[in-house]
Amino acid sequence: AVLLLAAWKPAAGSWLIVVCGQAGGLLPFGASLVLLFACLLGVAVLGFRAVAQGCLATVICVCEYIMVNSTGGKPLVLVNVALYAMTVFVCALAGALLCRSLRDLTAAQRQAVSRKRERLALTLHNETCNDVVYIIRRIDEIRGDSQSMDDHDMAELRSVLENVLRDRKSTRLNSSHS
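Residues numbered from 1 in each chain as written. Predicted model: local features only at pLDDT ≥ 70, side-chain atom pairs only at ≥ 80, totals over all residues. Heavy atoms only, no water.

J.: Even after reading the chapter, I still don't get the nonpolar core, so can you show me in this structure?
T.: Considering soluble globular proteins, one finds that nonpolar side chains tend to be buried as a cluster. Judged by nonpolar contacts, the single largest core of 17 residues is most densely connected at Val18, Val43, Cys61, Tyr84 and Val88. Only α2 (10-20), α3 (29-49), α4 (51-69) and α5 (78-144) provide two or more residues apiece to this core. Among the elements that line this core, the one with the most residues is α3, at six residues. (Core = buried A, V, L, I, M, F, W, Y, C linked by side-chain atoms within 4.5 Å. Buried < 20%, exposed > 50% of the residue type's maximum accessible area, 1.4 Å probe, protein only. Helix = DSSP H or I, 4+ residues; strand = E, 2+ residues; numbered from the N terminus.)

J.: In this structure, what is going on with the packing of aromatic side chains? I would like to understand it.
T.: Any aromatic ring pair is given by two values, namely how distant the centres are and how the planes are angled relative to each other. On inspection of all chains with the given rule, the structure shows one aromatic pair. Relative to tyrosine 84, the ring of tyrosine 65 lies with its centre 4.4 Å away and its plane at 15 degrees, an arrangement referred to as stacked. Here tyrosine 65, found in helix α4, pairs with tyrosine 84, found in helix α5; they are 19 residues apart in sequence, far enough to count as distant. By the burial criterion, tyrosine 65 is buried, and tyrosine 84 matches it. (Phe/Tyr/Trp six-rings, centres within 6.5 Å; stacked < 30°, edge-to-face > 60°.)

J.: Where do I start with α5 in this structure?
T.: Working note: α-helix, 3.6 residues per turn, so residues spaced by three or four point in the same direction. The terminal C-alpha atoms of α5 lie 96 Å apart, and with 67 residues this matches the ideal 99 Å at 1.5 Å per residue to within 8%. Inspection of α5 places Val81, Tyr84, Val88, Cys91, Ala92, Gly95, Ala96, Cys99, Leu124, Ile135, Arg138 and Ile142 among the buried residues, and these make up the whole buried set. (Expected span 1.5 Å × (residues − 1).)

J.: Would you take a moment to explain the pattern of salt bridges for this structure?
T.: Close approach of charged atoms allows side chains with opposite charge to pair. Counted by the stated rule, this structure contains two salt bridges. Arginine 100 serves as the salt-bridge partner of aspartate 104, at 3.9 Å between the closest nitrogen and oxygen. Of this pair, aspartate 104 and arginine 100 both sit in helix α5, separated by four residues, roughly a single helical turn. One salt bridge in this structure joins glutamate 162 and arginine 158, with 3.1 Å as the shortest N-O distance. With glutamate 162 and arginine 158 both in helix α6 (residues 151-177) and four residues apart, the pair spans about one turn of that helix. According to the relative accessible area criterion, glutamate 162 is partly exposed, its value standing at 36%. A residue is classified by how much of its surface remains accessible, and arginine 158, at 57% relative accessible area, is exposed. (Salt bridge = Lys/Arg side-chain N within 4 Å of Asp/Glu carboxyl O.)

J.: How should I be thinking about α4 in this particular structure?
T.: Its 19 residues give α4 an end-to-end C-alpha distance of 27 Å, which sits within 8% of 27 Å, the value for a rise of 1.5 Å per residue. Of the residues making up α4, those classed as buried are Gly54, Ala57, Thr58, Cys61, Val62, Glu64 and Tyr65. Looking down the long axis of α4, one finds its buried residues gathered within 165 degrees of arc, a one-sided arrangement. Residues of α4 that are exposed and point more than 90 degrees away from the buried face comprise Ala52 and Met67. (Arc of directions from axis to C-beta.)

If you want it as structure tokens, here you go:
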């Protein structure tokens, strides 16, 4: 039931697992390992949400561990407490590092898309401008030579204009698919 809550509401379920995590010491060996694993996973989820939550969950787990293992007059082995604390903290840290990695990856993807759009805009602008400048210069050249435009000149300019339109449409379509 606790694991279902963790799947449905990760933060609340993780806190519940952390708080109930040491109850595994009261259960048979197989069940206590499952609960311990669930507790470590809960700490990782809390570390993913915020480093402070992961650290707080680590402190709670260690305090519970000390309370459960010091009852009944048993001597508390500090090495075991330290190893448990390090294990739990590593899970919290792993969650926090995973969160940061995903955030960095998302930012890198956004930046790559932005750069691609900028390159497309620059390419579109430069190619279109170059073709339009060519047409204007060609018209000025024909006019300067006091020639009338023959069919060959008209066909050439028309072809360049059609290419400009075709390139513009294909660039726009390619940028919308990205």
